[in-house]
Amino acid sequence: MSALNNGTTYLVTGATGNIGTRVVERLLERGAQTRVFVRDADKATARYGDRVEARVGDLADAATLSRAVDGVDVVFLVSTGPDLAEKDKRAASIAKSAGARLLVKLSTDDVEHGVGTGVWHADGEAAIRDSGIGFVFVQPSGFMDNFLNWADAIKADGVVRCAAGDGTIPFIHSDDIADVAVAAMTKPQYMGQSVPITGPEALSFADMTAKVGAVIGRELRFQSLADDDERRQQSAWGSPQPLIEARLSIFRAMREGRLAAVTTNVATILGREPISFDQWAQQNAAAFR
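Residues numbered from 1 in each chain as written. Predicted model: local features only at pLDDT ≥ 70, side-chain atom pairs only at ≥ 80, totals over all residues. Heavy atoms only, no water.

Moving on, we get to helix H10 (residues 227-237). Counting along an α-helix, one turn takes 3.6 residues, and residues three or four places apart therefore face a common direction. Residues of H10 that are buried: Asp227, Glu230, Gln233 and Gln234. Taken end-on, H10 shows its buried residues confined to a sector of 115°, consistent with a single buried face. Residues of H10 that are exposed and angled more than 90 degrees away from the buried face: Arg232 and Ala236. Packed against the buried residues of H10 are strand E7 (159-162) and helix H11 (241-255). Looking one or two residues beyond H10, the residue adopting positive phi is glycine 238, at roughly 90°. (Buried < 20%, exposed > 50% of the residue type's maximum accessible area, 1.4 Å probe, protein only. Helix = DSSP H or I, 4+ residues; strand = E, 2+ residues; numbered from the N terminus. Arc of directions from axis to C-beta. Contact = heavy atoms within 4.5 Å.)

Right, let's talk about the packing of aromatic side chains for a bit. Going through the model one piece at a time under the given rule, you end up with 13 aromatic pairs. Judged by centre distance (6.0 Å) and plane angle (55°), the ring pair of phenylalanine 147 and phenylalanine 288 falls under tilted. A residue pair is termed long-range when its members are at least 10 positions apart, and phenylalanine 147 in the loop between strand E6 (134-140) and helix H7 (151-157) and phenylalanine 288 in the segment after helix H13 (277-283) qualify at 141 residues. Overall, the relative accessible area of 1% leaves phenylalanine 288 in the buried class. Between the aromatic rings of phenylalanine 171 and phenylalanine 205, the centroid separation amounts to 5.9 Å while the plane-to-plane angle is 85°, which identifies the pairing as edge-to-face. Placement of phenylalanine 171 in the loop between strand E8 (168-169) and helix H8 (174-186) and of phenylalanine 205 in helix H9 (residues 205-216) is noted, with a sequence separation of 34 residues between them. (Phe/Tyr/Trp six-rings, centres within 6.5 Å; stacked < 30°, edge-to-face > 60°.)

So, on to the nonpolar core. Within the largest apolar cluster, 36 residues are counted, with the highest numbers of intra-cluster contacts made by Val23 and Phe76. Sort the elements by how many residues they give to this core and H8 lands first, with eight residues. For valine 23, the contacting residues outside a window of four places in its chain are Val12, Phe76, Ala178, Ala181, Val182 and Met185. Counting 32 residues, the second-largest nonpolar core is a separate cluster that includes Ile154, Met208, Ile244 and Ile250. (Core = buried A, V, L, I, M, F, W, Y, C linked by side-chain atoms within 4.5 Å.)

In structure tokens form, the structure reads like this:
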């Protein structure tokens, strides 16, 4: 009997988001008993129909979270924001009290570098460790999907502007993140591990801009911004100030060459190479046209 069909019940938080949706679909494809924890029941129903058991609530609400984890064996935790460590602590405590044996947290490899949201996630990881529940920390580098933030600018004037300078980073495909997360949820050998995962190569924003341009058949330019100009740009996007400052610290680390390391964990865990940015650009070309 497979690990996915031996009576194990999986709870996925953030189940209508970018990674959570992919994790749910992969569990369902494998015949897993899957429960989702969502704020919007209608959105979950529209996405999954009756294929999942839905629980409505919020990570900040202990009562709804307790109902969601009752009878669950494995939790996939997606938490965001400056207060995410508090959410992680609450989720770990409630999950352990309910009898869950494993919590897989979507963290970030910025934990190792002490930059960006990694500062918040480091505190969340510590709280989960302290709870005594079994854990795996899946730590992806920046998401390739983040490059979609510049889609409007590309369509408007063909220029990608950000404060990364010539720094490089091995952005990772969301499918790779979800595949590693499911492996962490279903294979016991990853228990107690932090798993940093990256894409196959470190690229600069100029590199990525050129790759998108090649796919859409248009000459694009990259323009490096000063930090203050980056603040203004992200403020115009509607980003909250703590997130703006977190992103700026990542751009500074990129400029200093601190985020360029590539790991082999995707290949080791999945038995295949991680998906390239070139393939991602092909898949998302319509967003930039």
